[in-house]
Amino acid sequence: MLEIRNLVKQYKNYLAVNDLSITIQGGEIVGLLGPNGAGKTTALRCTAGILRPNSGEILINGWDIVTNQGKAKAGLAFVPEVPSLYELLTVEEHLKFVAMCFNTLDQFEVKRDELLERYDLTEKRRDLVATLSKGMKQKLSVACALIHSANVMLFDEPLIGVDPAGAHELKQEIQRAKANGAAILISTHLLDTAEKLCDRVIILNKGSKMVEGTLADLRKFSGMETSSLEEVFLRLTEGEIAATGLSNG
Ligand code: ATP
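Quick caveat, the model's predicted, so the values are computed rather than measured. (Residues numbered from 1 in each chain as written. Predicted model: local features only at pLDDT ≥ 70, side-chain atom pairs only at ≥ 80, totals over all residues. Heavy atoms only, no water.)

## So, the nonpolar core
Nonpolar side chains tend toward joint burial in soluble globular proteins.
Here comes step 1: Core analysis: the largest hydrophobic core is formed by 50 residues, its most contacted members being L140 and I184.
Here comes step 2: Here the element with the most residues in this core is helix 5 (residues 134-146); it accounts for six residues.
Here comes step 3: Beyond its immediate chain neighbours, meaning those up to four positions away, L140 contacts L85, V91, H94, L95, L121, V129 and L132.
Here comes step 4: If you look at the next biggest cluster of nonpolar residues, it comprises 27 residues, including L7, I24, L44 and V152. (Core = buried A, V, L, I, M, F, W, Y, C linked by side-chain atoms within 4.5 Å. Buried < 20%, exposed > 50% of the residue type's maximum accessible area, 1.4 Å probe, protein only. Helix = DSSP H or I, 4+ residues; strand = E, 2+ residues; numbered from the N terminus. Contact = heavy atoms within 4.5 Å.)

## Some details on the sheet that holds strand 9 (residues 200-205)
Here comes step 1: In spatial order, the strands read 6-7-8-3-9-10; together these six strands make up an open sheet with mixed pairing. Where the open sheet ends on each side, the last strands, each with one partner, are strand 6 (76-79) and strand 10 (208-213). Strand after strand, the sheet turns through a mean of 15° between neighbouring axes, direction not considered.
Here comes step 2: Strand direction decides the pairing type here: strand 6 and strand 7 (residues 152-156), joined by four bridges, are parallel. Directly across from V79, in strand 7, lies its bridge partner F155.
Here comes step 3: The sheet strands contacting helix 5 are strand 6 and strand 7, and the helix crosses strand 6 at an angle near 175°. (Pairing = 2+ DSSP bridges. Axes fitted to C-alpha atoms, helices over the stretch in contact; angles between N-to-C directions.)

## Here's the deal with the pairing of strand 8 (residues 183-187)
Here comes step 1: A large share of strand 8 lies buried, amounting to five of its five residues.
Here comes step 2: Burial along strand 8 is two-sided: A183, L185 and S187 facing one way and I184 and I186 facing the other are all buried.
Here comes step 3: Handedness of the crossover joining strand 7 and strand 8 through helix 6 (residues 164-179): right-handed. (Right-handed = clockwise from strand over helix to strand, strands pointing away.)

## A few points about the site of the ligand
Here comes step 1: Near the ligand, the surroundings consist of 13 residues, among which G37, K40, T41, T42 and H189 are the closest.
Here comes step 2: One of the backbone N or O atoms of G37 is found 2.8 Å from an oxygen atom in the ligand.
Here comes step 3: Calculation on the ligand without its partners gives an accessible area of 640 Å², and the protein chains cover 60% of this total.
Here comes step 4: Elements with a minimum of two residues in the shell around the ligand: strand 2 (14-24) and helix 1 (40-47).
Here comes step 5: The leading source of residues in the shell around the ligand is helix 1, at three residues.
Here comes step 6: Its residues placed into classes, the shell around the ligand shows five nonpolar, six polar and two charged. (Near = heavy atom within 4 Å. Polar contact = N/O pair within 3.5 Å; in protein donor to acceptor, adjacent residues only side chain to side chain. Areas by Shrake-Rupley, 256 points an atom, 1.4 Å probe, with all protein chains shown as cover. Nonpolar A, V, L, I, M, F, W, Y, C, P; charged D, E, K, R; others polar.)

## Concerning the sheet that holds strand 4 (residues 55-60)
Here comes step 1: The four strands lie next to each other as 2-1-4-5, forming an open sheet whose pairing is antiparallel. Either end of the sheet is taken by a strand with one partner, and the two such strands are strand 2 and strand 5 (63-64).
Here comes step 2: The pairing of strand 1 (residues 2-11) with strand 2 spans seven bridges and is antiparallel. Within strand 2, the residue paired with I4 across the bridge is I22.
Here comes step 3: Packing against the sheet, helix 1 makes contact with strand 1, strand 2 and strand 4, and its axis sits at approximately 120° to strand 1.

## A few points about helix 3 (residues 91-101)
Here comes step 1: Taken together, the buried positions of helix 3 are V91, E92, H94, L95, V98 and A99. Down the axis, helix 3 shows its buried residues gathered within 160° of arc, on one side only.
Here comes step 2: Residues of helix 3 that are buried in the fold lie against helix 4 (108-118) and helix 5. (Arc of directions from axis to C-beta.)

## Quick look at the confidence of the model for the protein
Here comes step 1: Averaged over every residue, the pLDDT of the protein is 91; the share at 70 or more is 96%.
Here comes step 2: Per-residue pLDDT stays below 50 along residues 240-249; that stretch engages in 23 contacts with residues further than four places along the chain or on separate chains. (pLDDT = per-residue confidence, 0-100.)

## Notes on the packing of helix 3 against helix 4
Here comes step 1: Contact pair helix 3 / helix 4: the axes reach a minimum separation of 11 Å and the direction vectors enclose 130°. On the basis of the axis angle, helix 3 is oblique to helix 4. Note that helix 3 runs across helix 4; the crossing there is right-handed. Together, V91, E92, L95, K96 and A99 of helix 3 and F108, R112 and L116 of helix 4 make up the contact between the two elements.
Here comes step 2: Residues belonging to the contact of helix 3 with helix 4 are distributed by class as follows: five nonpolar, no polar and three charged. (Parallel < 35°, antiparallel > 145°, perpendicular 65-115°, else oblique. Left-handed = near helix turned anticlockwise from the far one by under 90°.)

## A closer look at the environment of R5
Here comes step 1: Assignment of secondary structure puts R5 in strand 1.
Here comes step 2: Separated by 100 residues in the primary sequence, R5 and L105 place their C-alpha atoms 33 Å from one another.
Here comes step 3: Aside from chain neighbours lying at most four places away, what touches R5 is L20, S21, G56, E57 and L59.

Right, dumping it as structure tokens:
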């Protein structure tokens, strides 16, 4: 379970995330949407323990990411927007390194080979990360997140740069993780994917939560009963509707 309570993150004088609260139960996929600069990456980086919040609390399976980082991170997987990999390791060394960090070498070879196969990296297993294409790096970053058994998963624009087969695999992976009881938060600009994949969505704008709910909730809120998520999103972020109500977080 993931709980973000009243998260505030400021860069010098700029308020990037303002009083954001999100609760995600196991078995739920929540989409974090919003225009460029809305604060999605900042919120995810705080949740992953990479940035320190100015205030608020982030609990991963009940463990505070700031005060109990080791225990919190044990259950957490994070796929960043830009893969952050060690270029001088080979693909399989990288997977092993991550598995060692999480102390999950049990069944490592089986899991490694499955992931390499699933993400089309078997041929590249002994190649240096530095020599991978952009999309291959993104796939390796996903494989690294999946090599240990996390039940809270954060994805920041995971489908950007990944080929259609990889994107299809990743969407199935996310569905499998949900079926296995993971709490999943995904930031994306791909609204048709969010519509299909997410149980509910949160729209951030200028650091604040505008609205949260299922597509049906958002349609009702915007008065666009038969519209797609894209149409509803565009209408809401145009600023025609005041930021009120609908939050269940
Ligand atoms: P995008 O959809 O473009 O990826 P985002 O919703 O992920 O955007 P963030 O990257 O979280 O947005 O940025 C939120 C705001 O914080 C932006 O105005 C950005 O310029 C600012 N910001 C992000 N990182 C820093 C930083 N290190 N120092 C100062 N300002 C920052």
